[in-house]
Each structure stands twice: as C-alpha cells, then as structure tokens.
Amino acid sequence: MSKYLKTLISKINNPDATLVSDGIDGADVTGFIDTGSYALNALLSGSIFGGLPNNKISCLAGDPATGKTFYAIGIAGQFLKDHKDGVVVYFDTEQAVTSDMFTARGVDPERVAVIPVATIEEFKTQALKIVNDIIEQPEEDRKPVFMILDSLGMLSTEKEMHDSAEGKNVRDMTKAQQTKATFRVLTLKLGKAKIPMLLTNHTYQVIGAYVPTKELGGGIGLKYAASNILTLSKSKDKTDEGVVGNFIKCTNYKNRFVKENMQVETRLNYKSGLSRYYGLTDLAIKYNIFKKVSTRIELPDGSKVFEKNIDEDPEKYFTKDILDKIDAHVQKDFKYGTND
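Throughout, residues of each chain are indexed from 1 in the direction in which the sequence is written. Restriction of local features to residues with pLDDT of at least 70 applies here, the model being predicted, together with a cutoff of 80 or more for giving and counting side-chain atom pairs; totals for whole chains, interfaces and linings are based on all residues. As a convention, hydrogens and water are excluded, and side-chain values are obtained from all of the structure's heavy atoms.

**Some details on the overall build of the chain**
Rules: Secondary structure elements follow DSSP: runs of H or I of four or more residues count as helices, runs of E of two or more count as strands, with numbering from the N terminus. In this treatment the radius of gyration is a C-alpha quantity, and the globule benchmark scales as 2.2 Å times the residue count to the 0.38 power. For this analysis, residues touch if any pair of their heavy atoms sits within 4.5 Å. Note on areas: Shrake-Rupley with a 1.4 Å probe; residue coverage comes only from the protein chains shown. His is not counted here, nor are the chain ends, while Lys and Arg score as positive and Asp and Glu score as negative. Here the site of a charge means atom NZ of a Lys, CZ of an Arg, CG of an Asp or CD of a Glu.
Helix and strand content of the chain: 12 helices and 15 strands. Compactness check: the chain gives a C-alpha radius of gyration of 22 Å against a globular reference of 20 Å for 340 residues, within 12% of the reference. Considering only C-alpha atoms, the chain reaches an extent of 65 × 65 × 50 Å along its principal axes. In the chain, the share of contacts with a sequence separation of at least 24, taken over all contacts with a separation of at least 6, comes to 65%. A total of about 18300 Å² of accessible surface is found on the chain, and carbon and sulfur atoms cover 51% of it. Of the side-chain charges in the chain, 45 are positive and 45 negative, and the distance between the mean point of each set is 5 Å.

What follows is the structure in structure tokens.
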C-alpha cells in the first residue's frame, strides 16, 4: 500500500508530500521548549516535561499587566539555557523591553536581537526574510532560533499609519485581513524551518454580550494560525512585605495537543520570576499522590508537612519519582483521548 501511495504523490511534484509513516516534515513536533514552569508545560503540551512546541506558533493573551512580557522574557531565557548555541529574535511593538529587563532575568544580551516594528506589513516582511534565510542554510549549519512578537495587538497597518498622517479618523477594516495573511504565510515557513514563535496579545471585553465575554485582539487570523492560545488573568501575591508578585491563572483558549478550557495556576515573583514548581502540589493532590489532611499535606511515605514547607523547598518533595507519577497522570488527564 505504501508503494502505491508513494507512486500517487510522486505525480504531483510536491517535494513536501510524504506518507504519515515517514513523518510529516514541518508539521510533526520533534521537541518542546521548557517554559520554566512545570504546570505551564503541562497546559501547553500535556506533559510537565514539555512546553511550547518547537515549530508552532503559540500565544499568551490577557489584560494589561498580566505578566505577558515577563513570561516571554522568562521563556526566552530558558530557551537559551537549554540551547547553548541558540539565539532569540524579539520583535518589539511597544518599546516595552529594555536591556536591564533581559540581564535582570539572566538572559544573555549577546544572544538576543530586539527588532522594533510598527506595522503588520513591516513585521511580516522582516520575519519572512529571517525565516527564508534560515531555510536556505544547510541544515547542519542552522542554530536553534526562537522568535517572539510582543505584542500583536499593538501592531498598526500601513493604511492606518497613512490615514493618521492625513488626519483621517477612520477605522482600518483591512487589519484583520492583513493579520490573517501574515500568519497564513508564516505558519508554513516556521514549520519548515523548525522555528517556534511566541506571540503576546491583548484581550478586550465584548460590549453588549449577554454574559461577560473576552475576545482576542487582532482579528480571527491568529485563532487559525496559532497551535496554542492561553488566556491569562491575575491576582496579587501578598506577603508581610507587601505585593511580591502575581498568581496567574492560565486557561486553554485553543490547543491542538491538550483539551481546551483546562486551567493551571502559576506564580510570577517580581524578583525570582516564574516559579518552576508552583501548581504541582495541587496536581499531586488531584491525582492522590499527595493527600490533603486538615491543614497539612500527607506525603507518600506517610509523613505530614504544611504546604508552605513544600513551597519553601520544592526540590526536596518533588523528587524524580514524584514528578514522573504526576506526569503520567497529566498525560492521561490533559491530552485528548487516544485509540487503545
């Protein structure tokens, strides 16, 4: 049968056509980018050891000040730690990032290029030039590349810029189309080059909705193109010292690997960044690996500790054996059903 199919696809002169058994070049995910948070990894990939797919478009969307840029820089830093010869291309639409923001998070500034862009067309042209250049390089010469756009919602269009210069106060009806066209082209190119892209985007309240509803900025193009879209909402992390960070609830708006509407909570500290272990205690209790006994947590060996003790020294309690058990349950719980 495979010989018959190979004969059929040989007639169409499409070099990228292939049998599923041989792998789908540019579409199959060959690895993941660790986000720096086990819980966030689980929500994105269905495994606490996964993360962002390494050749897809992912999006973090939320209200202002929900930590989207912090997340993006933190994930970029983790990517560089895991890929010693890797580089990050950071498209900045808001003049939101500074050198200090990268160095303070331990991100090597010599391996990050920040490219200011103002319009969708400008971003599309420059991103495609970089991706096409990488595709043309011999595969053995390519370096791991991670692209970030921060943020999609702030991009204008050439028409909008022209109208503003002319003093015309009219709505640009082409923006959604331009966005859709941009990602229609980029999605295929990024997959072929095996380049992951992370977008940040804003959400807005839908006026007149029967129930409170939030919508993504930028039109429907992103909804079609992105493999993962997470929406973020936050609450303050308060201690005796005051507000030290945020608890950020992440919800699957769209995901091609994990069930939609799944949620996890992460912790973003102003000093230390994204907590790797926060959220694991809740998962361990959910899967009966840990047990909640009154105000304490009962561990598999029968000992009982307060949750704050786990938070203060998570590596002591989340051993490899415990992490593997949590991951086995996460894969069954978070991922779509499989054919047994």
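Having seen the structure, we can now continue with the description.
**Details of the sheet that holds strand E14 (residues 296-298)**
The criterion, for reference: Pairing between two strands requires that DSSP report at least two bridges joining them. Axis definition: a line fitted to C-alpha atoms, limited for helices to the stretch in contact. Angles are taken between N-to-C directions and run from 0 to 180 degrees.
Read across the sheet, 3 strands follow the order E13-E14-E15 without closing on themselves; strand pairing throughout is antiparallel. Each edge of the sheet is formed by a strand with only one pairing partner; in this case those strands are strand E13 (291-293) and strand E15 (304-306). Between one strand and the next, the sheet's axes are offset by a mean angle of 40°, whatever the strand orientation. Pairing of E14 with E15, which is carried by 3 bridges, proceeds in the antiparallel orientation. For Glu-298, the partnering residue across the bridge sits in E15 and is Lys-304.

**Examining the nonpolar core**
Counted only if it meets this: Nonpolar core, defined: a set of buried Ala, Val, Leu, Ile, Met, Phe, Trp, Tyr and Cys residues in which side-chain atoms within 4.5 Å join the residues together. Exposure categories follow from relative accessible area, calculated using a 1.4 Å probe and restricted to protein chains: below 20% of the type maximum is buried, above 50% is exposed, and the middle band is partly exposed.
Phe-146, Leu-280, Phe-290, Phe-318, Ile-326 and Phe-334 are the most contacted members of the largest nonpolar core, which has 53 residues in total. Broken down by element, the residue count for this core peaks at 7 residues, all from helix H3 (residues 68-82). Once residues within four sequence positions are removed from consideration, Phe-290 is found in contact with Ala-284, Ile-285, Ile-297, Glu-298, Leu-299, Pro-300, Ile-310, Tyr-317, Phe-318 and Ile-322.

**Concerning the pairing of strand E10 (residues 242-255)**
Counted residue by residue, E10 has 10 buried out of 14 residues, so it is predominantly covered. Note that strand E9 (residues 228-239) and E10 share 12 bridges and pair antiparallel. Pairing of Thr-239 across the sheet is with Gly-242, part of E10. Remark: 2 residues form the turn of the hairpin made by E9 and E10, two consecutive strands paired antiparallel. Sheet topology note: the E10/strand E11 (residues 263-269) ladder contains 7 bridges and is antiparallel. From the neighbouring strand, Lys-249 faces E11, where its bridge partner is Glu-265.

**Considerations on the state of the cysteines**
Rule in force here: Disulfides are defined as pairs of cysteine sulfur atoms found within 2.5 Å of each other.
Summed over all chains, the structure comprises 0 disulfides. Residue Cys-59 stays outside any disulfide, its sulfur separated by 12 Å from that of Cys-250, the closest cysteine. For Cys-59, a relative accessible area of 1% corresponds to the buried category.

**Here we look at unusual backbone geometry**
With the exception of glycine, most residues fall at negative phi, and the peptide bonds are largely trans. The omega torsion across Asp-150 and Ser-151 is 5°, close enough to zero to call that bond cis. Here Ser-151 is to be found in the loop between strand E6 (145-150) and helix H6 (158-165). Even without glycine at this site, Ala-65 takes up a positive phi of about 65°. Here Ala-65 shows up in the loop between strand E3 (57-62) and H3. Its relative accessible area of 53% is what places Ala-65 among the exposed residues. The phi torsion at Ser-294 lies on the positive side, around 55°, for a residue other than glycine.

**Observations concerning the pairing of E3**
Where burial is concerned, most of E3 is hidden: 6 out of the 6 residues are buried. Going residue by residue along E3, you find Ile-57, Cys-59 and Ala-61 tucked away on one face and Ser-58, Leu-60 and Gly-62 tucked away on the opposite face as well. Of the strand pairs in this sheet, E3 and E9 are connected by 5 bridges, and their pairing is parallel. Looking across to E9, one finds that Ala-61 is bridged to Thr-231.

**Digging into the environment of Lys-292**
Inspection of the secondary structure puts Lys-292 in strand E13. The spatial distance from the C-alpha of Lys-292 to the C-alpha of Phe-306 is 9.8 Å, given a sequence separation of 14 residues. Those residues in contact with Lys-292 that sit more than four places away from it in its chain are Ile-285, Ile-297 and Glu-307.

**With respect to the environment of Lys-180**
By the element assignment, Lys-180 lies in helix H7 (residues 175-193). Owing to a relative accessible area of 33%, Lys-180 belongs among the partly exposed residues under this scheme. C-alpha of Lys-180 to C-alpha of Ala-96: the two residues are 84 residues apart in sequence and 24 Å apart in space.

As far as function goes, none of this settles anything; it's purely spatial.
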